[in-house]
Amino acid sequence: MTGARVGSALTDEQAAVRDLVREFAREEVRPGAREADAEGSFPEDVWDGLAELGLTGLTVPEAYGGSDADETTYAVVNEELAHGSLAVATALSVHCLVTSCLAEFATDTQRERWLPEMAEGRPVGAFCLSEPHAGSNPAGMSTTAEHDPDADEYVLNGEKQWITNGSRAGVAVVFAKVDPDDPDSITQFLVPADAAGFEVGPSEEKLGLRASDTTPIAFDDCRVPAANRLTEEGRGLSAALGTLTGGRIGIAAQAVGVAWAALEAATAYAEEREQFGEPLSEIQTIRHKLAEMSTDVAASRLLVREAARRAEAGEDARVAAAQAKYRASEAAMSVANEAVQIHGGYGYTVEYDVERFYRDAKVTEIYEGTTEIQKEVIARGLFDTR
Ligand SMILES: Cc1cc2nc3c(=O)[nH]c(=O)nc-3n(C[C@H](O)[C@H](O)[C@H](O)COP(=O)(O)OP(=O)(O)OC[C@H]3O[C@@H](n4cnc5c(N)ncnc54)[C@H](O)[C@@H]3O)c2cc1C
């Protein structure tokens, strides 16, 4: 039982969602994942399937047509989808970050304008925080939003980098400084992709996650009404960090999904491949590799569940989310690496999925805060609570 659930303790409702998404991932997501990766194109039919299942409304309040899922459900969906394709899970999790921001910070009018449609899958959302010269340190961003009091509009100028769903998005949450000289003036705005001066650049050629759309987005005198300001001036960064705690639990869950997929593939291969007259699964070295991989998956899943539980209980989940992301993303890398090793030369070819898992896993150590930044969050928690 390679995919044995550990510490699952899900409610009946959460288990039902897990089963639904698991089936969808196996039937509709996984079969096309290799081709989508090779072509570097996002599977829009899969997105439509996610929308039909209501998953694009996962973090949309029920009043606006979503399911307002709890954190554990959110994590379970991310794990199951990433087991099928990390690119698809990533696209959904960024869309959900955007709907979370709208649900939390937008006016009723803005919510009514955007959330019901986004719950149904379109427009897709993009989250524009990182810049070419400001990644781990978003306070160093250069994008500005100057208030024009006559028109009661903000005028955005600057460039964002690595934007997931960049060319697919119909709407973006954008972070910008209302005072270029004040790092504490970062503010959050809602910007429709059809606004004049919203310029999407070419898709990045990436090591992995190739089916996920990643682009730069530039803002060239891009005007939005003052009503599109989501947070008070200067409250954007703390709001972003709050949203990212939930986001990190989702990424950690995705890392578990990739690690679990790699473990499953390696176990199946070890049973089928024979050397020295016996299956690899009879060789103790290989069996112990699989035992270590399985333990990594189980331990990471438990950290994810604990972080989700804390968030659900309204506790401060920042450290738990950072621990889950740090540990699960390292587990994804090491489990995928061992899965390639167990496949030998075949694992190094595109004939088997493990090479994709290996390439995909790496990004979980980078986006939504690198491993080094997660460790800093964890260390800060140690000293703050003494
Ligand atoms: C495929 C992909 C999709 C992405 N999607 C999005 C998206 O949708 N929206 C968005 O806003 N961003 C997105 N990102 C950006 C991502 O969040 C950043 O790449 C990440 O935060 C790291 O920033 P950076 O790339 O500028 O690296 P840098 O910040 O330049 O870091 C370089 C290295 O230095 C280390 N480092 C930096 N500062 C410290 C420190 N103080 N202590 C220790 N080590 C440090 C880092 O850990 C890293 O190893 C995406 C990135 C990728 C690759």
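Residues numbered from 1 in each chain as written. Predicted model: local features only at pLDDT ≥ 70, side-chain atom pairs only at ≥ 80, totals over all residues. Heavy atoms only, no water.

### Some thoughts on the overall build of the protein chain
Item 1. Counting its regular elements, the protein chain contains 10 helices and 9 strands.
Item 2. Here the protein chain has a C-alpha radius of gyration of 21 Å; the compact-globule value for 386 residues is 21 Å, and the two agree.
Item 3. Each principal axis of the C-alpha distribution contributes one length, and for the protein chain these read about 80 × 50 × 40 Å.
Item 4. Here the protein chain, with 386 residues, has 54% of them falling under the buried criterion. (Helix = DSSP H or I, 4+ residues; strand = E, 2+ residues; numbered from the N terminus. Rg over C-alpha atoms; globule rule 2.2 N^0.38 Å. Buried < 20%, exposed > 50% of the residue type's maximum accessible area, 1.4 Å probe, protein only.)

### Re the domain arrangement of the protein chain
Item 1. Domain boundaries assigned for the protein chain yield domain 1 (12-123), domain 2 (126-232) and domain 3 (237-384).
Item 2. Computed from C-alpha coordinates alone, the two centres of domain 2 and domain 3 are separated by 30 Å.
Item 3. Tallying the contact residues gives 13 residues for domain 2 and 11 residues for domain 3.
Item 4. Of the roughly 950 Å² buried where domain 2 meets domain 3, counting both sides, 74% is carbon and sulfur surface.
Item 5. When the area that domain 2 buries against domain 3 is broken down by residue, the three leading residues are S136, L207 and L209, summing to 43%. (Domains from an automatic or database assignment. Contact = heavy atoms within 4.5 Å. Buried area = accessible area lost by both parts, 1.4 Å probe.)

### Regarding the UniProt feature "domain: Acyl-CoA dehydrogenase/oxidase N-terminal" (unreviewed entry) in the protein chain
Item 1. The feature "domain: Acyl-CoA dehydrogenase/oxidase N-terminal" (unreviewed entry), as given by UniProt, occupies residues 11-121 in the numbering adopted here.
Item 2. Along residues 11-121, the helical share is 75% and the strand share 0%, with 26 Å between the first and last C-alpha atoms. (UniProt positions renumbered as here; feature names shortened; annotations may be inferred.)

### Topic: the UniProt feature "domain: Acyl-CoA oxidase/dehydrogenase middle" (unreviewed entry) in the protein chain
Item 1. Per the UniProt record, "domain: Acyl-CoA oxidase/dehydrogenase middle" (unreviewed entry) is annotated on residues 126-222.
Item 2. This span, residues 126-222, is 0% helix and 49% strand, and a straight line between its end C-alpha atoms measures 16 Å.

### Section: the side chain of Q374
Item 1. Positionally, Q374 belongs in helix α10 (residues 371-384).
Item 2. Leaving out residues up to four positions away in the same chain, Q374 has contacts with R248, A322, K325, Y326, E368 and G369.

### Some words on helix α9 (residues 354-361)
For an α-helix, the turn length of 3.6 residues means that residues three or four places apart are oriented alike.
Item 1. Of all 8 residues in α9, 7 are buried; the element is thus mostly enclosed.
Item 2. Of all the residues in α9, the buried ones are V354, E355, R356, F357, R359, D360 and A361.

### Quick word on the confidence of the model for the protein chain
Item 1. Per-residue pLDDT for the protein chain averages 95, and the proportion of residues at 70 or more is 97%.
Item 2. This model gives residues 1-7 a pLDDT under 50, and the stretch forms 19 contacts once residues within four places in sequence are excluded. (pLDDT = per-residue confidence, 0-100.)

### Some details on the environment of N337
Item 1. In this structure, N337 sits in helix α8 (residues 318-343).
Item 2. Overall, the relative accessible area of 36% leaves N337 in the partly exposed class.
Item 3. Sequence spacing of N337 and A262 is 75 residues, and the spatial spacing of their C-alpha atoms is 8.8 Å.

### A short note on the packing of α8 against α10
Item 1. At a minimum axis distance of 9 Å, the contact between α8 and α10 shows a crossing angle of 145 degrees. Judged by the sense of rotation from one axis to the other, the crossing of α8 with α10 is left-handed. Mapping the contact onto sequence places R318, V319, A322, Q323, K325, Y326, S329 and E330 in α8 and T371, Q374, K375, V377, I378 and G381 in α10.
Item 2. Split into classes, the residues belonging to the contact of α8 with α10 amount to 5 nonpolar, 5 polar and 4 charged. (Axes fitted to C-alpha atoms, helices over the stretch in contact; angles between N-to-C directions. Left-handed = near helix turned anticlockwise from the far one by under 90°. Nonpolar A, V, L, I, M, F, W, Y, C, P; charged D, E, K, R; others polar.)

### What about the site of the ligand?
Item 1. Near the ligand lie 16 residues; those nearest to it are S130, S136, W162, T370 and E372.
Item 2. The separation between an oxygen atom of the ligand and a polar main-chain atom of L129 is 3.0 Å.
Item 3. Between the ligand and E368 there is a distance of 3.4 Å, counted from an oxygen atom to a backbone nitrogen or oxygen.
Item 4. Within the shell around the ligand, the residues separate by chemical class into 8 nonpolar, 5 polar and 3 charged.
Item 5. Of the residues that make up the shell around the ligand, three or more belong to each of domain 2 (126-232) and domain 3 (237-384). (Near = heavy atom within 4 Å. Polar contact = N/O pair within 3.5 Å; in protein donor to acceptor, adjacent residues only side chain to side chain.)

### Points about the pattern of salt bridges
Item 1. Applying the stated criterion across every chain yields a total of 24 salt bridges.
Item 2. Across the salt bridge formed by D108 and R111, the nearest N and O atoms sit 2.9 Å from each other. Highlighted residues: D108 and R111, both in helix α5 (residues 108-119), separated by 3 residues, approximately one helical turn.
Item 3. Classification of D108 as partly exposed rests on a relative accessible area of 47%.
Item 4. Accessibility expressed as a relative area gives 16% for R111, which makes it buried.
Item 5. Between D316 and R318 there is a salt bridge; the shortest N-O distance is 2.7 Å.
Item 6. Residue D316 is classed as partly exposed on the basis of its relative accessible area, which comes to 49%.
Item 7. By sharing partners, the salt bridges in this structure join E44, D48, R122 and R168 into a single network. (Salt bridge = Lys/Arg side-chain N within 4 Å of Asp/Glu carboxyl O.)

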